[in-house]
Amino acid sequence: MEAVTILLADDEAILLLDFESALTDAGFLVTAVSSGAKAIEILKSGAAIVGVVTDIRFCQPPDGWQVARVAREIDPNMPIVYISGHAALEWSSNGVPDSIMLEKPFTSAQLVTAVSQLLNARPARAPPSDA
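Read on for an overview of the structure. (Residues numbered from 1 in each chain as written. Predicted model: local features only at pLDDT ≥ 70, side-chain atom pairs only at ≥ 80, totals over all residues. Heavy atoms only, no water.)

### Regarding helix α5 (residues 108-121)
Compared with an ideal rise of 1.5 Å per residue, which puts 14 residues at 20 Å, α5 spans 20 Å between its outermost C-alpha atoms and is within 8% of the ideal. What α5 keeps buried is the set Leu111, Val112, Ala114, Val115, Leu118 and Leu119. Axial view of α5: buried residues confined to an arc of 160°, hence all on one face. Residues of α5 that are exposed and point over 90 degrees away from its buried face: Asn120 and Ala121. Where α5 is buried, its residues meet β1 (5-9), α1 (13-25), β3 (49-55), β4 (80-84) and β5 (100-103). (Helix = DSSP H or I, 4+ residues; strand = E, 2+ residues; numbered from the N terminus. Expected span 1.5 Å × (residues − 1). Buried < 20%, exposed > 50% of the residue type's maximum accessible area, 1.4 Å probe, protein only. Arc of directions from axis to C-beta. Contact = heavy atoms within 4.5 Å.)

### Quick word on the nonpolar core
Counting residues in each nonpolar core, the largest one holds 21 residues, and the members touching the most others are Leu7, Leu43, Ile49, Val52, Met78, Ile80 and Tyr82. Of all the secondary structure elements, the ones that give two or more residues to this core are β1, α2 (36-44), β3, α3 (64-74) and β4. In terms of residue count, the dominant contributor to this core is α3 (5 residues). Not counting chain neighbours up to four residues away, the residues in contact with Met78 comprise Leu43, Ile49, Val50, Gly51, Val52, Ala71, Arg72 and Arg122. One finds Leu16, Leu23, Val30 and Ile83 within the second-largest nonpolar core, a separate group that totals 20 residues. (Core = buried A, V, L, I, M, F, W, Y, C linked by side-chain atoms within 4.5 Å.)

### Regarding the sheet that holds strand β2 (residues 29-33)
Sheet architecture is open: 5 strands sit in the order β2-β1-β3-β4-β5, paired in parallel fashion. Looking at the sheet topology across the chains shown, the edges are occupied by β2 and β5. Strand-to-strand, the axes of this sheet are offset by a mean angle of 20°, without reference to chain direction. Of the pairings in the sheet, the one linking β1 to β2 comprises 5 bridges and is parallel in character. Looking at the pairing, Leu7 lines up with Thr31 of β2. With respect to the sheet, α1 is in contact with β1, β2, β3 and β4, its orientation differing from that of β2 by roughly 170°. In the packing of α5 onto the sheet, contacts are made with β1, β3, β4 and β5, and the angle to β5 comes to roughly 180°. (Pairing = 2+ DSSP bridges. Axes fitted to C-alpha atoms, helices over the stretch in contact; angles between N-to-C directions.)

### Description of the pattern of salt bridges
In this structure the tally under the stated criterion is 6 salt bridges. With a shortest N-O distance of 2.3 Å, Arg122 and Asp75 are connected by a salt bridge. Here Arg122, found in the segment after α5, pairs with Asp75, found in the loop between α3 and β4; they are 47 residues apart in sequence, far enough to count as distant. Assessed through its relative accessible area of 15%, Arg122 is described here as buried. On the basis of relative accessibility, which here comes to 12%, the residue Asp75 falls in the buried class. Each member of the salt-bridge network shares a partner with another, and the members are Asp10, Glu12, Asp55 and Lys104. (Salt bridge = Lys/Arg side-chain N within 4 Å of Asp/Glu carboxyl O.)

As far as function goes, none of this settles anything; it's purely spatial.
Written out as structure tokens, the structure reads:
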């Protein structure tokens, strides 16, 4: 299986390293950033991102809700995993459809399972057209 790239956004350095390590150990390539603005910049750059794991609350806007909305504008089937210690109750009203919310603290296995579950549920991509 070909490794896929997950965009990981969290502004807590220790957690960012832990989450990046868990995803890398599971065989994913990871692009890790510490702000919503940087996450959106990478998404808009056309980088080959196939899934997003984002904290919800960053020190400065935009928040993780906005990161996910931008990701879904780019790819309506983009797997989104929200991670937060504070905003889980807002998920039903602010989260994008077919996403997963993990409340901090959670285990590395829970993170890897959530990402894998969404990637496996994703519709197959159509091959590029020659048109």
